[in-house]
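# Structural overview for review
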Amino acid sequence: MLPVVVAAVCAQGMIFATSAVAQEKGKIPLPVPRKVDFVKEVYPIFKTSCFKCHGPEKQKGKYRMDTREGAFKETSDHGPAIIAGNSEKSAIVLMVANQIDEMLMPPPGGKPGESDPLTAEQIGILRAWIDQGAIWPDGPIQEEVKLVGFETEIKPVLTAACAKCHSGATAEGNFSVDSLATVLEGGKGYGKVIAPGDPAKSSLITILTGKDEDIPKPEVHKLTAKEVNLITEWIRQGAK
Ligand code: HEC
Ligand code: HEC
């Protein structure tokens, strides 16, 4: 089956100056004109957009891209996933840039957040990395963890959503979002609502996700998924 597909693509390529597929679907975004860093720039794209289906838990299309061996494999119908030095022929680039019929990755129409197409900048980063030799360091990838800070990231969220009822001497339930200390102290009914390092034991997360059935006015206590994720990460890092 494979040789037939390749022959068809080559034949078209000879008839039309550029590949027919590319013509139909528009050009592939250009590589970004700078040196890119795999750990800081490429791996995070894989992690956000691909690992849900091609990671440790699921390997859709028998493709797994959280390890170097897996990521570089030959795809079933479209040649090697990654060809060091040749981003234009690498299947993952052709797929994220929608150059192969029915193989746009991530596939459209999935759950929100799972199927956002890569941006031109992200495709450009991926291409530059492949063209620069597709260097993937040995061993597990040590990601730099970005520390979530109370003053810079958490307090603004809590102030905007909660301060009108939870500030100063008249704070509802004696729970005030005025400072890190008052947030950690908790309120008169619930006591502490944060267990630093352990989001699962922090009742604040239950409250903010609308899962606390006892909290008055549950609708004012719900935050967006993005905000909850940020607060969860902050607690996981020790709530500092
Ligand atoms: C929501 C799930 C999902 C996400 C997210 C996703 N894929 Fe896929 N991927 C699939 C499915 C399903 C297939 C098999 C499709 C088929 O064979 O028709 C596949 C197949 C592939 C293949 C071909 C594997 C082979 O051997 O044929 C590659 C390469 C690939 N995906 C790359 C990516 C990349 C790169 C990303 C992230 C930018 C990504 N995918 C994100 C579901 C996903
Ligand atoms: C419109 C007003 C209002 C807003 C906005 C609001 N709350 Fe509340 N909250 C209340 C009321 C009323 C209570 C119940 C107080 C009581 O039991 O006396 C409460 C109780 C609580 C408690 C339990 C306090 C205790 O008794 O120990 C926590 C924790 C809490 N809120 C957190 C928050 C957070 C975090 C936000 C922002 C995401 C928020 N609230 C937004 C009105 C509000």
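Because the structure is predicted, anything quoted here is derived from the model rather than measured. (Residues numbered from 1 in each chain as written. Chains lettered and ligands numbered in written order. Predicted model: local features only at pLDDT ≥ 70, side-chain atom pairs only at ≥ 80, totals over all residues.)

### Observations concerning the site of ligand 2
Not every one of the 23 residues close to ligand 2 is listed here, only the nearest: Cys162, Cys165, Gly173, Gly187 and Gly189. Residue assignment for the shell around ligand 2 shows that the elements contributing at least two residues are α8 (150-162) and α10 (203-208). In terms of residue count, α8 provides more of the shell around ligand 2 than any other element does, three residues in total. Of the residues belonging to the shell around ligand 2, the class tally is 13 nonpolar, six polar and four charged. (Near = placed C-beta within 6 Å. Helix = DSSP H or I, 4+ residues; strand = E, 2+ residues; numbered from the N terminus. Nonpolar A, V, L, I, M, F, W, Y, C, P; charged D, E, K, R; others polar.)

### As for α8
Taking 1.5 Å of rise per residue, the 13 residues of α8 would be expected to cover 18 Å, yet its terminal C-alpha atoms sit only 15 Å apart, more than 12% below that figure. Taken as a whole, α8 has its buried residues at Ile154, Leu158 and Cys162. Along its buried surface, α8 packs onto α9 (180-185) and α11 (225-236). (Expected span 1.5 Å × (residues − 1). Buried ≥ 20, exposed ≤ 12 C-beta atoms within 10 Å, placed from the backbone. Contact = placed C-beta atoms within 7 Å.)

### Some thoughts on the environment of Ala181
Structurally, the position occupied by Ala181 is in helix α9. Residue classification places Ala181 among the exposed residues on the basis of 8 C-beta atoms within 10 Å. A C-alpha to C-alpha distance of 9.7 Å links Ala181 and Lys240, two positions 59 residues apart in sequence.

### Concerning the packing of helix α3 (residues 38-49) against helix α7 (residues 120-131)
The interhelical angle for the contact between α3 and α7, taken along N-to-C directions, is 120°, at an axis separation of 10 Å. With respect to their mutual orientation, α3 and α7 come out oblique. Relative to α7, α3 is oriented so that their crossing is left-handed. Residues Phe38, Glu41, Val42 and Ile45 of α3 form the contact with α7, whose own contacting residues are Gln122, Ile125, Leu126 and Trp129. Residue classes in the contact of α3 with α7 are distributed as six nonpolar, one polar and one charged. (Axes fitted to C-alpha atoms, helices over the stretch in contact; angles between N-to-C directions. Parallel < 35°, antiparallel > 145°, perpendicular 65-115°, else oblique. Left-handed = near helix turned anticlockwise from the far one by under 90°.)

### What to know about the nonpolar core
What tends to happen in soluble globular proteins is that the nonpolar side chains get buried as a cluster. The biggest cluster of nonpolar side chains holds 17 residues, and the ones touching the most others in it are Ile92, Val93, Val96, Ile123, Leu126, Trp129 and Ile130. Contributing elements (two or more residues each) for this core: α6 (91-96) and α7. Not counting residues up to four positions away in its chain, the partners in contact with Leu126 are Val42, Ile45, Val93 and Val96. Of all hydrophobic cores here, the second largest spans 16 residues; its members include Val177, Ile194, Leu204 and Ala239. (Core = buried A, V, L, I, M, F, W, Y, C linked by C-beta atoms within 7 Å.)

### Observations regarding the site of ligand 1
Near ligand 1, the surroundings consist of 23 residues, among which Cys50, Cys53, Lys60, Gly61 and Met105 are the closest. When contributions to the shell around ligand 1 are tallied by element, the ones reaching two or more residues are α4 (51-54) and α6. Residue contributions to the shell around ligand 1 peak at four residues, all from α6. Looking at the shell around ligand 1 residue by residue, the classes come out as twelve nonpolar, six polar and five charged.

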